[in-house]
Amino acid sequence: MSKIKDNIISFKNKLPEAVKLVAVSKTHTAEMIKEAYSTGQRIFGENKVQEMIAKHDELKDFDISWHLIGHLQRNKVKYIAEFVDLIHSVDSLKLLKEINKQAINNSRTINCLLQFHIASEDTKFGLNFEEAADILQSEEYKKLTNVKIVGVMGMASFTEDEVQVRSEFSSLRNIYNKLKNDFFSGSNNFREISMGMSNDWEIAIDTGSTMIRVGSIIFGYRNCNL
Ligand SMILES: *Cc1c(COP(=O)(O)O)cnc(C)c1O
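Residues numbered from 1 in each chain as written. Predicted model: local features only at pLDDT ≥ 70, side-chain atom pairs only at ≥ 80, totals over all residues. Heavy atoms only, no water.

## Quick word on the pairing of strand E2 (residues 43-46)
What counts here: The cut-offs for exposure are 20% and 50% of the maximum accessible area for each residue type, with area from a 1.4 Å probe on protein chains only; residues under the lower value are buried, those over the upper are exposed, and the others partly exposed. Helix and strand definitions follow DSSP, with helices as H or I runs of at least four residues and strands as E runs of at least two, each counted in order from the N terminus. Note on pairing: two strands pair once DSSP finds at least 2 bridges between them. For a crossover, the right-handed case is the one in which the path from the first strand over the helix to the second runs clockwise, viewed with the strands pointing away from the viewer.
Here E2 shows no split at all, with Ile 43 and Gly 45 on one side and Phe 44 and Glu 46 on the other all buried. Pairing between strand E1 (residues 20-24) and E2: two bridges, direction parallel. Note that in E2 the partner of Val 24 across the bridge is Gly 45. Pairing of E2 with strand E3 (residues 65-68) involves four bridges; the strand directions are parallel. Counted as the bridge partner of Gly 45 is His 67 from E3. On the question of chirality, the crossover connecting E2 to the parallel E3 by way of helix H3 (residues 49-58) is right-handed.

Following this line, the structure appears as structure tokens:
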């Protein structure tokens, strides 16, 4: 059996059934995605719009759920609005409004996660609780008809310190719980906590992740840290 098939099958065996796996295929080829697909994997994550469009074109005949996991510029939303299944990286009202506009243009509703800044590093994008609350309370947000916020996303610090990673993931879970209580208590749509990557997925699941984004374990380690 191929290495990728092997990797994904044995990895999935370790996952609780309720946890969704986003196979992060960035920097890897469409051929490699097909191998993972052949094991039954359907959700694939990309962090760059250009790369996601190219692979989507190449894999048109495959029933793939495409997740955009990286930072998204407003002027690029139009390129993915036709097919993207979930955008993990919504970090402003302006972006959310643009996604709504492009969703309307394509007669779709686009699912989104609010991305939170939980790491100690200040290089990572994301909101804090107050900023998210401001968005959700705004009249502008309430008018958006074609976006659905289905949960939260965050990335922990890149560190060996498990205590720190655990506390960062717990803070995301707490944010999720508070948002659920304050803004989404009547809705079943708001249910995802996207956290955990190849180096910290176990801690993420331990602290309440419903969706992990894993690349290296499945496809092998990338040359550069993209
Ligand atoms: C690259 C990336 C991942 C996956 O990283 P691995 O360490 O290869 O599992 C997850 N989430 C985001 C946002 C990424 O950019």
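Now that the structure has been shown, we can carry on.
## Here we look at H3
Quick reminder of the rule: We call two residues contacting when some pair of their heavy atoms lies within 4.5 Å.
Of the residues making up H3, those classed as buried are Val 49, Met 52, Ile 53, Lys 55 and His 56. Contacts from the buried residues of H3 go to helix H2 (30-37), E2, E3 and helix H4 (77-80).

## Points about the environment of Asp 63
Looking at the secondary structure, you find Asp 63 in the loop between H3 and E3. When its relative accessible area of 54% is taken as the criterion, Asp 63 is described as exposed. Sequence separation of Asp 63 and Ser 216 is 153 residues, and the distance between their C-alpha atoms is 23 Å. In contact with Asp 63, not counting residues within four places along its chain, are Tyr 37 and Arg 42.

## A look at the packing of helix H6 (residues 129-137) against helix H8 (residues 162-183)
Keep this limit in mind: Fitting a line to C-alpha atoms yields each axis, with helices limited to the stretch in contact; the angle taken between N-to-C directions then spans 0 to 180 degrees. Roughly parallel covers angles under 35 degrees, roughly antiparallel covers those over 145, roughly perpendicular covers 65 to 115, and oblique covers all other angles. Left-handed is the label given to a crossing in which the near helix is rotated counterclockwise from the far helix by less than a right angle, and right-handed is the label when the rotation is clockwise. The nonpolar class holds Ala, Val, Leu, Ile, Met, Phe, Trp, Tyr, Cys and Pro. Asp, Glu, Lys and Arg form the charged class, and all remaining residues, Gly among them, are polar.
Packing of H6 against H8 brings their axes to within 11 Å, and their N-to-C directions diverge by 25°. Taken together, the axes of H6 and H8 lie roughly parallel to each other. H8 is crossed by H6, and the crossing has right-handed handedness. Between H6, through Phe 129, Ala 132, Ala 133, Leu 136 and Gln 137, and H8, the contact on the second element is made entirely by Ile 175, Lys 178, Leu 179, Asp 182 and Phe 183. Looking at the contact of H6 with H8, its residues break down into seven nonpolar, one polar and two charged.

All we've got here are geometric facts, nothing functional implied.
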